[in-house]
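Each chain, written out:
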Amino acid sequence: MRPFAYDRPDTAAAAVAAVADRPDAAFLGGGTNLVDHLRLGIADPGLLVDVTSLTSTEIVDIDGGLRIGAGVTNADLAADPRVRARLPVLAAALLSGASGQLRNMATTGGNPLQRTRCPYFQDPASACNKRVPGSGCAAIGGATRNHAILGASEHCIATHPSDMAVALAALDTQVRILGPDGGRTLAFTDLHRLPGDTPEQDTELAHGELITAIDVSYPRGRHAYRKVRDRASYAFALVSVAAVLDVVDGTVLDARIALGGVAHTPWRAVRAEDTLRGGPATEEAFAAAAEAELADARPQPGFDGGNAFKIPLARRTLTATLRQTTPRETA
Amino acid sequence: MRIELTVNGVAREADDVWEGESLLYALRERLGLPGSKNACEQGECGSCTVYLDGAPVCACLVAAGQAQGREVTTVEGLAGDGLDPVQQAFVEKGAVQCGFCTPGFLMSTKDLLDRDPAPSDPEIREALAGNLCRCTGYEKILDAVRTAAANR
Amino acid sequence: MTMRTDAPLKTSGAARYGLDVTPPGTVYGYVVTSTIAHGEITAMDVAAVRAAPGVLAVYTPFDPLPLRTPMSPLLGETWVPLQDTEVTYYGQPVGFVVAETFEQARDAALLVEVTYDRRPARTSLHAGLADALDAPPSLHGEPPTLQVLADGVESIEDALAASAVRVDATYETATQNHAAMEPHSAVAVWEDGRLTLYSGTQGSDLQAAQLAQALDVEPARVRALNPFVGGAFGGKGHAGVSAFLGAAAARDLGRPVKAALTREQVFTATATRPATVQRLRIGADADGRLTALAHDSWSSTTATPSFVEPTSHGTSREWYTTPNLAITQKMVPLHVPPTTFMRAPGEAPGSFALESAMDELAVALGMDPVELRLRNSSIAPPGRDLQWSSKHLDECFTLGAQRFGWAQRHRRRVDRDWLVGYGTATAMFPALRFPCAVRITLRPDDTAEVATSGADPGTGLRTVLSLFGAEALAIPPERVEAALGDSTLPPGGMSGGSTATASVGSAIAVGAPAVIDALVAVATGPGGLFEGREVAYADGRVFAEGDSATFGEVLRAAGRDEVTAIGTSAPGEEMTKHSFSSFGAQFCEVRVHRWTREVRMSRMLGVFDAGRIVHEQAARSQIMGGMIWGVSAALHEGLEIEESGRPANGDFASYLIPVNADIPTVDVEFVRYPDTLHNPVGARGLGEISVVGVAAAIANAVYDATGIRVRRIPIVLEDLLE
């Protein structure tokens, strides 16, 4: 771990100013990702600004939804009665992520900003455009089982690891941000970026900008979160699906769907939603929605057999999850 | 820096701590509490689980600086006059093998039972998913958790 | 039942493992590893490392710590680091940085610049199959290629061709790492030219001997301590790089050195179970009796060949009655991390192939897989005269089938979105024991001590020592203290090969009468409590006519601090009379998701014939742990080596082993037939047999559920997506 300076300012504004001042400064939240990165030698900040106690740890009611302070832990958020009752897709996503210990540490502001678990990104000895722009991508042709099938570029095929973010992407979510020049709000689905030719930039946040809260609206409909993984618990998603389907008299009035484990971002499944909206909530419609969403999916070959299987798997998982949201017994 | 924190109910301090070192390192190497174990240093195995302000966390992922002024409980602090019922149940059911994961399992179990005095088997299995046991004594551990729940 | 004597220490955090001691003045070492798989180190720039804060020393092949290669009869040669510039695998230790704190050492180690002359690396087992080499002779000294053919049969091919039903299939198993929770580590302290080494290994006397040779000091000047070991599974047989480098650096610097591998380093800088490819050809008559069995195995091994996974010799060589048997064992040298024995070496991956093939045969025959196994049960290994000493495999299968509800397997089983399947397999593991010495001491306070240098890596040996001592001395176990994990105690050898219980039990059976004789001599000798009288020992007391005293009273009366005797034992004449093995029947039920194809365990049962069961709780824990290892092999773990030689998943985030949520109810039963032909206490080992067969039983259950035969483990869900 390289030596660095450590600061614990008294206010969020002071923290923002401190980070904005130094190009090599970084915010430290729950630390579950960054502390690991410091140790692996893949993050090398000159100054760490601890914000764990600077943002709100409250979940407050706002019109039609909740404002979740950035300091609220994943464990507290998942246990909140309002979240469990009105945002079950979020509660389920949170509880399927990481372990109890990590959910006690991870925060609302930090979780969506965690970086990819691509093993080449995490290995300083491997080429990685995200870690060292221009150095190449060792993942391409490597072990690609956990890599992207949607929206990847020739520079980066990494996936976003968060479960919480998949649920937030499906919901109507706004991110409240404090920057050196004041506050702004960003739609959650605009927070993350596809890699393109600048994979080093995970999000649209500028240096020094800090997430202070996340606003989520209560959707109408039935919720489901389904995570397909190699262990029954505590493993990253091969594919995950968050879905909220509002079905009245057999017709889909609204659909909110996002996929995890398939792209550089939590992947809002707009095509699937468009396919479903206004149509019948049937097995055929679900299959058509999945087909539409995965139409542009591209497999990554790899020495481990590659990830072509994730395309049918994503289709099946999407269909199975939609089935779960409809008010009838599964077959 | 100097860090001051409360460990197992006792005010402790350590000098010349580098803020970036882990709470686990500070506990084991600076404060003489080697009960918490380092098995992956990545938050993946739970062997280093301690309570930080009452919630179980992986001490390997807490930067020592973040622990400043906070309250920590380790496996050494679980027992009062006698073994805690959770420890007692692990002894009774033989839910230890090599024992390296045991401190972490005890902390997670105690937290589970504090939150839910009568968890179902699937709830126990899920709640302990952040603790790896390579001797894979999961059945005996499950027995012990059930026993601890019944004895509390 | 006596509780595990280690449990109170392990649950209170008081058990001290190797890395838990911090002598005053301790400094910290960090190992630097290679980032190529094959080549020569031409230079190492360590100027920045030396200048980094807190750094005390940097050792490299250009500035090494002198270490000699130790050689032991049991383990052969043990590799010592930094003695040359040759790199033969990715992640090989190539440097060692020592600093005042661990973080300083790690930080400085990141600054090491290594220049390599890179050479092409051979890393693919598949690519090497064509020009594989013959493996060295097996543990029994049998050649890598051997055949047993019935009279008049010219070749195994002829026997197969003449068989009514045939199976011919090739199976693959992954490279694995022992992944004990305790990473390999050491704390080394020198005082007056004597080394004390705290380090978890499978045998403290073996560790001390290796260190003494490596450091070129008298064996008596090295004391190795490992009272608690955080798991081993074969991966802590050889002394490790932390021990060698820590001890040598501590001597060089005159400070205690603490060194531990990181989890990532454990995956390359210790050792692994080799990957295997195995072709099984089985012929049977229409009644399911084997007529021919051919098992060809290929194992990965290191660039300079070392350990080879003996899959053919470990299974098909011995398991079934067949008039015609042909086995081969080949090896493919690769630039991969060291290979060594890991829980059930040979039997674990070998049984995946053999027992999958037997299932395929049962399917081809339309026969109950349990019945097929019963029909081919052997009374001795094919072509050998020595019959099994005590074999109750049939009872394991019949009892298990009944208990598991095996007869229900034909019902179409779908549970909501899950397809349900049943599978079974045979388990066998040879009953072995090693030379062993145990010291028994009687003390004036009416307690006894049973002491040996051997290790308890979680198996329960500490408790077993107390129990055997109590039994042999006829006193309560609470009065028998066990001492182990200290190389200054009588040599207990290695805790490996499922031998420890039989080995120490045999030695105690010799030592206890000897210490009782010594006690009697004290009682009846000059100044003794019963001087000159006829006495007898029973239940902790010495009886003279009309009189008796506890052994403590006898010792106190004679002014003695203790009487002591050392019992030794080793395998002997019994080996010329019988073949020895433990046996078991594995059953499991799996669920495969009908849409997304995850495989989850829902039920497991193992029934074992492992001789006498000494401590029920510890025995069951060992067995369940082994069965779950089988789940792990079948569904989770495998170290993937990239073309470059780099491990793709060498950490706990990506090398998956089961968590609690993966494991269903595990049911264990024993048939209890003490095997006193093998050793006086009648116990055979059970640490390893429990993993054997499980992966096949799971693959067979997956086939039962889905109709898809997966011949490679770990099974991943894409194998089941049509």
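Since the model is a prediction, treat every value here as computed from it, not as a measurement.

Visitor: Help me out: how do you make sense of the overall build of chain B in this one?
Guide: For chain B, the count of helices and strands is 5 helices and 5 strands. Going from the N terminus to the C terminus, chain B shows its helices and strands as β-β-α-β-β-β-α-α-α-α. Compactness check: chain B gives a C-alpha radius of gyration of 15 Å against a globular reference of 15 Å for 152 residues, within 12% of the reference. Judged by the C-alpha coordinates and their principal axes, chain B covers about 45 × 30 × 25 Å. Burial status across chain B gives 68% buried among its 152 residues. If you take every contact in chain B between residues at least 6 apart in sequence, the share linking residues at least 24 apart comes to 60%.

Visitor: Hey, could you run me through the sheet that holds strand β5 (residues 65–69) of chain A in this one?
Guide: Strands in a sheet are paired, the pairing made by backbone hydrogen bonds, and the direction either parallel or antiparallel. Residues and elements named next belong to chain A. Spatially, β4-β5-β8-β6-β7 is the arrangement adopted by the 5 strands of the open sheet, whose pairing is antiparallel. Each edge of the open sheet is held by one strand with a lone partner, namely β4 (59–62) and β7 (182–187). Across the sheet, the axes of successive neighbouring strands diverge by a mean angle of 25°, strand direction being ignored. With 5 bridges joining them, β5 and strand β8 (residues 210–217) adopt antiparallel strand pairing. Paired with arginine 67 across the bridge in β8 is aspartate 215.

Visitor: When you look at the domain arrangement of chain B in this model, what are you seeing that I'm missing?
Guide: It is common to give the size of an interface as the accessible area that goes away when the parts come together. Residue and element names in this part refer to chain B. Considered domain by domain, chain B is made up of domain 1 (3–77) and domain 2 (85–151). Summarising the inter-unit geometry, the C-alpha centres of domain 1 and domain 2 are found 21 Å apart. If you look at the interface, domain 1 gives 13 residues, while domain 2 gives 11 residues. Looking at the side of domain 1 that touches domain 2 element by element, the count peaks at 3 residues for strand β3 (residues 49–52).

Visitor: I'm lost on the interface of chain C and chain B in this one. Help?
Guide: If you look at the interface, chain C gives 45 residues, while chain B gives 46 residues. Within the residue set of the side of chain C that touches chain B, elements represented by two or more residues are α1 (7–12), α3 (102–109) and α16 (616–635) of chain C. With 7 residues, the single largest contributor to the side of chain C that touches chain B is α16 of chain C. For the side of chain C that touches chain B, the class distribution of residues is 25 nonpolar, 12 polar and 8 charged.

Visitor: Would you mind showing me how to read helix α10 (residues 310–324) of chain A here?
Guide: The α-helix winds at 3.6 residues per turn, so residues separated by three or four positions along the chain end up facing the same way. An ideal rise of 1.5 Å per residue puts 21 Å on 15 residues; α10 of chain A measures up with 20 Å between its terminal C-alpha atoms. Buried within α10 of chain A are the following residues: Lys310, Leu313, Ala314, Arg315, Arg316, Thr317, Leu318, Thr319, Ala320, Thr321, Leu322 and Arg323 of chain A.

Visitor: It is not clear to me how the sheet that holds strand β16 (residues 257–260) of chain C should be interpreted in this structure. Could you clarify?
Guide: All names here are of chain C. Ordered in space as β3-β7-β1-β16-β13-β14-β15, the 7 strands form an open sheet in which the pairing is mixed. Each edge of the open sheet carries a strand with a single partner, namely β3 (55–59) and β15 (222–225). Across the sheet, the mean angle separating the axes of adjacent strands is 20° when strand polarity is ignored. Taken together, the 4 bridges between strand β14 (residues 194–198) and β15 define a ladder with parallel strand orientation. Bridge pairing in β15 links threonine 196 to arginine 223. Against the sheet, helix α6 (residues 204–215) engages β14 and β15, with an angle of about 140° to β15. Strands β1 (27–33), β3, β7 (93–99), β13 (185–191), β14 and β16 of the sheet are contacted by helix α7 (residues 241–253), whose axis makes an angle of about 30° with β13.

Rules used throughout
Sequence order as written defines the numbering, with residues in each chain counted from 1. Each chain takes a letter, starting from A, and each ligand takes a number, starting from 1, following the order in which they are written. Where local features are concerned, this predicted model is filtered to residues with pLDDT of at least 70; where side-chain atom pairs are given and counted, the filter is 80 or more; whole-chain, interface and lining totals use all residues. Segments assigned H or I by DSSP are reported as helices when at least four residues long, segments assigned E as strands when at least two residues long, and all are numbered from the N terminus. We compute the radius of gyration over the C-alpha atoms and compare it with the globule rule, which gives 2.2 Å times the number of residues raised to the power 0.38. Buried, partly exposed and exposed are defined by the number of other C-beta atoms within 10 Å of a residue's own C-beta, namely 20 or more, between the two limits, and 12 or fewer respectively, with C-beta atoms placed from the backbone. Residues are scored as being in contact if the C-beta atoms we place from backbone atoms lie within 7 Å. Criterion used throughout: strands pair if DSSP finds at least two bridges between them. Lines fitted to C-alpha atoms define the axes here, with helix axes fitted over just the stretch in contact, and angles between the N-to-C directions of these axes take values from 0 to 180 degrees. What marks off one domain from the next here is an automatic or database domain assignment. Classes in brief: Ala, Val, Leu, Ile, Met, Phe, Trp, Tyr, Cys and Pro nonpolar; Asp, Glu, Lys and Arg charged; the others, Gly included, polar. Here a helix's expected span is defined as the number of its residues, less one, multiplied by 1.5 Å.

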